Amino acid sequence: MGRALRRVVCALSGGVDSAVAALLLRRRGYQVTGVFMKNWDMLDEHGACTGDQDCEDAYRVCRMLDIPFHQVSYVKEYWHEVFSNLVKEYEMGRTPNPDIMCNKNIKFKYLLQFAVEMLGADAMATGHYARSSQHDEEVFQQKSIRSSEDIFQNYCKDAVKLLQAADPSKDQTFFLSQISQHALRHTIFPLGELRKDVVKEMAAEAGFHHIVKRKESMGICFIGERNFENFILEYLEPRPGNFVSIEDGNIMGTHKGWFLFTLGQRARIGGQRDAWFVVDKDINTGTVFVAPGTSHSALYRNSLQTDPVHWIAQGAPRELLRDRVMQCSFRFQHQMPLVQCQLTLNPDDTVWVALANPVRAPTPGQFAVLYKDGECLGSGKIMELGPSMYTLQEAREGKIVKTQKTDITC
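Residues numbered from 1 in each chain as written. Predicted model: local features only at pLDDT ≥ 70, side-chain atom pairs only at ≥ 80, totals over all residues. Heavy atoms only, no water.

Some remarks on the overall build of the protein
Move 1: Across its full length, the protein holds 11 helices and 19 strands.
Move 2: Residue burial in the protein is summarised as follows: out of 410 residues, 55% are buried.
Move 3: Relative to all contacts within the protein whose residues are 6 or more apart in sequence, the contacts with residues 24 or more apart total 68%.
Move 4: Entry remark: accessible area of the protein is about 18900 Å², with carbon and sulfur atoms responsible for 48%. (Helix = DSSP H or I, 4+ residues; strand = E, 2+ residues; numbered from the N terminus. Buried < 20%, exposed > 50% of the residue type's maximum accessible area, 1.4 Å probe, protein only. Contact = heavy atoms within 4.5 Å. Areas by Shrake-Rupley, 256 points an atom, 1.4 Å probe, with all protein chains shown as cover.)

Considerations on the side chain of His296
Move 1: Among the secondary structure elements, His296 is positioned in the loop between β12 (287-292) and β13 (300-306).
Move 2: Dropping the residues within four chain positions of it, His296 is found in contact with Ile246, Glu247, Ala291 and Tyr390.

Some words on the environment of Trp352
Move 1: Relative to the assigned elements, Trp352 resides in strand β17 (residues 351-360).
Move 2: Given the relative accessible area of 28%, Trp352 is considered partly exposed.
Move 3: Distance from Trp352 to Ile382, taken between C-alpha atoms, is 9.8 Å for residues 30 residues apart in sequence.
Move 4: Not counting chain neighbours up to four residues away, the residues in contact with Trp352 comprise Ser303, Leu304, Gln305, Gln342, Leu343, Thr344, Asn346 and Gly386.

Points about the sheet that holds strand β11 (residues 276-282)
Move 1: Strand order in this open sheet of 5 strands is β9-β8-β12-β11-β10, and the pairing throughout is mixed. Two strands lie at the open edges of the sheet, namely β9 (251-255) and β10 (266-267), each paired on one side alone.
Move 2: Where strand β8 (residues 241-245) meets β9, 4 bridges bridge the pair, whose relative direction is antiparallel. Residue pairing in the sheet places Gly241 in a bridge with His255 of β9. (Pairing = 2+ DSSP bridges.)

A short note on the packing of helix α1 (residues 16-27) against helix α7 (residues 196-205)
Move 1: Contact geometry for α1 and α7: axes closest at 9 Å, N-to-C directions at 70°. Overall, the two elements α1 and α7 adopt an arrangement that is roughly perpendicular. Along the contact surface, α1 presents Val16, Asp17, Val20, Leu23, Leu24 and Arg27, while α7 presents Lys196, Val199, Met202 and Ala203.
Move 2: Here the contact of α1 with α7 is composed, by residue class, of 7 nonpolar, no polar and 3 charged. (Axes fitted to C-alpha atoms, helices over the stretch in contact; angles between N-to-C directions. Parallel < 35°, antiparallel > 145°, perpendicular 65-115°, else oblique. Nonpolar A, V, L, I, M, F, W, Y, C, P; charged D, E, K, R; others polar.)

Description of the state of the cysteines
Every disulfide links exactly two cysteines, by a covalent bond between their sulfur atoms.
Move 1: Counted according to the given criterion, the structure contains 0 disulfides.
Move 2: With no disulfide of its own, Cys55 has Cys62 as its nearest cysteine by sulfur position, at a separation of 9.4 Å.
Move 3: Note on Cys62: no disulfide assigned, nearest cysteine sulfur contributed by Cys10 at a separation of 8.3 Å.
Move 4: According to the relative accessible area criterion, Cys62 is buried, its value standing at 1%. (Disulfide = S-S within 2.5 Å.)

Topic: unusual backbone geometry
Move 1: One non-glycine residue, Gln314, lies in positive phi territory at about 70°.
Move 2: Summarising the element assignment, Gln314 is placed in the loop between β14 (310-311) and α10 (318-323).
Move 3: One non-glycine residue, Ala361, lies in positive phi territory at about 55°.
Move 4: Topologically, Ala361 is positioned in the loop between β17 and β18 (367-372).

Overview of helix α4 (residues 98-118)
Move 1: Helix length check: α4, at 21 residues, gives a terminal C-alpha distance of 26 Å against a target of 30 Å (1.5 Å per residue), a shortfall beyond 12%.
Move 2: The largest bend in α4 is about 30°, located at Lys104.
Move 3: With respect to burial, α4 is a largely interior element, 15 of its 21 residues being buried.
Move 4: Here α4 starts with a cap whose side-chain oxygen sits 3.2 Å from the backbone nitrogen of Asp99, and that cap is Asn97.
Move 5: One or two residues past the end of α4 sits Gly120, with phi positive at roughly 65°. (Expected span 1.5 Å × (residues − 1). Bend = angle between axes of the 7 residues up to and from the residue. Polar contact = N/O pair within 3.5 Å; in protein donor to acceptor, adjacent residues only side chain to side chain.)

Regarding the pattern of salt bridges
Move 1: Within this structure, the stated rule accounts for 15 salt bridges.
Move 2: A salt bridge links Glu89 to Arg94; its shortest N-O distance comes to 3.0 Å.
Move 3: Take Glu89: its relative accessible area is 4%, and that puts it in the buried class.
Move 4: Overlapping salt bridges bring together Glu89, Arg94 and Lys381 as one network. (Salt bridge = Lys/Arg side-chain N within 4 Å of Asp/Glu carboxyl O.)

Quick word on the sheet that holds strand β3 (residues 69-73)
Move 1: In space, the 5 strands of this open sheet follow the order β3-β2-β1-β4-β7, with parallel pairing throughout. Sheet topology places β3 and β7 (187-188) at the edges, where each strand pairs with a single neighbour.
Move 2: In the sheet, strand β4 (residues 123-125) pairs with β7 via 2 bridges, with the strands oriented parallel. Note on β7: the bridge partner recorded for Met124 is Thr187.
Move 3: Along the sheet face, α1 touches β1 (7-12), β2 (31-38), β4 and β7 and points at about 165° away from the line of β1.
Move 4: Across the sheet, α4 lies against β1, β2, β3, β4 and β7, angled at about 130° from β2, the strand it touches most.

Remarks on the nonpolar core
Move 1: Ranked by size, the top nonpolar core spans 81 residues in total, and within it Leu111, Val290, Trp311, Phe330 and Leu343 carry the most contacts.
Move 2: Excluding its chain neighbours within four sequence positions, the residues that come into contact with Trp311 are Ala316, Pro317, Leu320, Leu343, Val351, Leu370 and Leu377.
Move 3: With 35 residues, the next largest nonpolar core counts Ile67, Ala165, Ile188 and Leu194 among its residues. (Core = buried A, V, L, I, M, F, W, Y, C linked by side-chain atoms within 4.5 Å.)

Focus on the environment of Pro317
Move 1: One can find Pro317 in the loop between β14 and α10.
Move 2: On a C-alpha basis, the gap between Pro317 and Leu377 in space is 8.2 Å, while along the polypeptide they are 60 residues apart.

In structure tokens:
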């Protein structure tokens, strides 16, 4: 008797990566179903719903591959579990990452549940450039424990690892750093061993010409590109405040709200010929601190603290539990080079991250994503920053300006 046909649900976005993921699954002989998620239903600033075109492109791929197509709506779930949190984070002075939270709360939660329980899938697949320590057949064997997330409440020695993609320039494990061990055990990443140029070639050869030349998706996850200030002011009332120089405390100009700015961003201040950049914020006074030049020392910090870290293995690494400190690597932006760091585990499961070299504009609300030996260990939200290089230098020279903060505790 032959082996049962494996059923895989492939998440389709309407883009080239997920289309090629479905193509590769078909070529492996699996019974593939494409599913498109609708998570946002408002028109963009030009009166168009870009999701409609994405859905049409995904459906067209399914027709070309002769596989079933489903569309599911998680608009309500996205609003409550991603977007509402995004607005609150901005209001608290932080800069959220909705892509990471969407993967955690929507795609690798609700979509996985739909794939397994409603469509009877043996596994889910996505077009992320990532790998896991499992082979496909090991993923399929996880079916018997598909509802047993509580099995992994404690660190288990056979935890599946989330590994960086073969092409480091396209690695997307950063965006997967909050997914659960349960989800990882049931997911296949068909593009993990491929380069982007190879994926585009495969798409062209398969006749996916309608998506090969599409622009890479940017902007807020599932909402797309739009004027950020106009968009966020639809949800938050303007709260005017001052731009204040970090160097001398002088007022340089005014703004409509601290939530419109993130650390490291250029502050376009009327009447100023030189470029000024955001280095700090105080939501109690509405002050946005700025410094001249894109490489000012007030932009650089070498330490930060996270909230309790989400470890993909469902528990902190044994070395960290044993010694309370551990060497690993860190990034807080998708494409920034990894920076060597030392973690210190606090009693409340938060971690203090001491960086080997200062980095520009680490930002509360963003995620400190941790790596070791090619494995993405997990991530924690940045909650506090240590003093900037400028603060430390001024402290050594006894010249701290009274208006300057030494850290951010938004």
